[in-house]
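# Structure at a glance
So you can see what is in the structure, the chains are spelled out below.
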Amino acid sequence: MKTKWVLPLLFALQTSAGPVINLVSGGGWKIVKGKRKCSITIEYGIANPCAVSPNYPGRTPAETNCEIDLGKKTKWVKLYGRSEQWFDYLTISGKRYSGILKGVVKATGHIKWTSDFWLETSTGWKICKSKKPPLKILESAEAKRKRLLKAARARARRRAAIKPARRARILAEKKRKRKAPKKCSL
């Protein structure tokens with residue numbers, strides 16, 4: 001009878017007490033290398049795990065490496081925090097990230113963290129499972145060409161409409177000067 005109550009009670013305590021931190025695995029993610037250095041946290045529910053650098057949000061220790069397996073269900077991750085530019089980096093889907101870490105990136109396989117021998121002065125990093133970012137609809141080259149051509153034609157029409165009016169004013173001014181009697185001064 002006790003075994004039936006233990007798991008629901010444990011889950012209820014964890015969800016009501018706040019985030020679950022310092023895990024080796026959770027939410028389908030797992031620390032493959034560097035256990036006790038990087039860790040998994042469950043802050044936004046079991047379906048949305050996060051991985052954090054050592055001491056996050058504090059300074060990251062020197063010479064730390066870890067590798068995180070994202071499992072099969074994670075396609076996108078959101079980056080938070082910072083690392084030492086050019087020296088400490090995250091490798092996500094074969095691309096290195098360092099410095100200010102922010103935004104949503106496509107992720108496959110494992111994420112690797114590497115820091116150099118210098119003690120980090122930054123806040124560390126946090127990576128959370130994310131949804132695909134909304135698409136930005138970009139205009140095609142053909143649509144852009146048509147839009148710019150239409151704008152150029154409209155400008156040309158405005159200029160053409162101004163010229164006859166200006167010409168008519170100039171001609172009217174010349175005609176008025178011709179008809180006006182000349183004043184003679186003695």
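Residues numbered from 1 in each chain as written. Predicted model: local features only at pLDDT ≥ 70, side-chain atom pairs only at ≥ 80, totals over all residues. Heavy atoms only, no water.

## Some points on the overall build of the protein
Counting secondary structure elements, the protein contains two helices and 12 strands. Along the chain direction, N to C, the helices and strands of the protein fall in the order α-β-β-β-β-β-β-β-β-β-β-β-β-α. For the protein, with 186 residues in total, the buried portion stands at 26%. Summarising the internal contacts of the protein: among those between residues at least 6 apart in sequence, 61% fall at separations of at least 24. Summing over all exposed atoms, the protein offers an accessible surface of approximately 14,200 Å²; the carbon and sulfur share of this is 60%. (Helix = DSSP H or I, 4+ residues; strand = E, 2+ residues; numbered from the N terminus. Buried < 20%, exposed > 50% of the residue type's maximum accessible area, 1.4 Å probe, protein only. Contact = heavy atoms within 4.5 Å. Areas by Shrake-Rupley, 256 points an atom, 1.4 Å probe, with all protein chains shown as cover.)

## Side note on the state of the cysteines
As enumerated under the stated definition, the model contains two disulfides in all. Shown here is the disulfide that connects Cys50 with Cys128, its sulfur atoms set 2.0 Å apart. Judged by the sign of its S-S torsion, about 105°, the cystine formed by Cys50 and Cys128 is right-handed. A residue pair is termed long-range when its members are at least 10 positions apart, and Cys50 in strand β5 (residues 50-52) and Cys128 in strand β12 (residues 124-130) qualify at 78 residues. Each bonded cysteine of the protein gets a number by its place in the sequence, and the pairs then read 1-3, 2-4. (Disulfide = S-S within 2.5 Å.)

## Notes on the nonpolar core
Ranked by internal contacts, the top residues of the largest apolar core, which has 22 residues, are Trp29, Ile68, Val77, Leu79, Ile92, Trp125 and Ile127. Counting only elements with at least two residues in this core, the list comes to β3 (29-33), β4 (39-42), β6 (65-69), β7 (76-82), β8 (89-92), β11 (110-114) and β12. Aside from chain neighbours lying at most four places away, what touches Ile127 is Trp29, Pro49, Cys50, Ala51, Val77, Lys78, Leu79, Leu90 and Ile111. (Core = buried A, V, L, I, M, F, W, Y, C linked by side-chain atoms within 4.5 Å.)

## Details of the confidence of the model for the protein
Summing up the model confidence of the protein, the mean pLDDT is 81 and the portion of residues at 70 or higher is 84%. Note on residues 1-16: pLDDT is under 50 here. Beyond four places in sequence and across chains, it has one contact. (pLDDT = per-residue confidence, 0-100.)

## Observations concerning the sheet that holds β3
Spatially, six strands are ordered β2-β3-β6-β11-β8-β9 in an open sheet, and the strand pairing comes out antiparallel. Both edges of this open sheet fall to β2 (25-26) and β9 (95-97), since each of them pairs with a single strand only. With three bridges joining them, β3 and β6 adopt antiparallel strand pairing. Its bridge partner being in β6, Ile31 is matched across the sheet by Ile68. (Pairing = 2+ DSSP bridges.)

## Focus on unusual backbone geometry
Note the cis peptide between Tyr56 and Pro57, where omega equals 10°. Positive phi, normally seen in glycine, also occurs at Trp86, with a value near 75°. Along the polypeptide, Trp86 turns up in the loop between β7 and β8. Located in the positive-phi region is Ser93, a residue other than glycine, with phi close to 55°. In this structure, Ser93 sits in the loop between β8 and β9. Looking at Ser93, the relative accessible area reads 36%, which means it is partly exposed.

## A look at the side chain of Asp116
Within the fold, Asp116 resides in the loop between β11 and β12. No salt bridge is formed by the buried Asp116, whose closest oppositely charged neighbour, Arg59, lies at an N-O distance of 11 Å. Filtering out sequence-adjacent residues up to four positions away, Asp116 remains in contact with Ala62, Glu63, Glu84, Phe87 and Asp88. (Lys, Arg positive; Asp, Glu negative; His and termini not counted. Salt bridge = Lys/Arg side-chain N within 4 Å of Asp/Glu carboxyl O.)

## Considering the pairing of β11
Burial along β11 is one-sided: the face carrying Ile111 and Trp113 is buried and the face carrying His110, Lys112 and Thr114 is not. Bridge analysis of β6 against β11 gives five bridges, and the strand direction is antiparallel. When the sheet's bridge partners are listed, Glu67 is paired in β11 with Lys112. Here four bridges tie β8 to β11, and the two strands are oriented antiparallel to one another.

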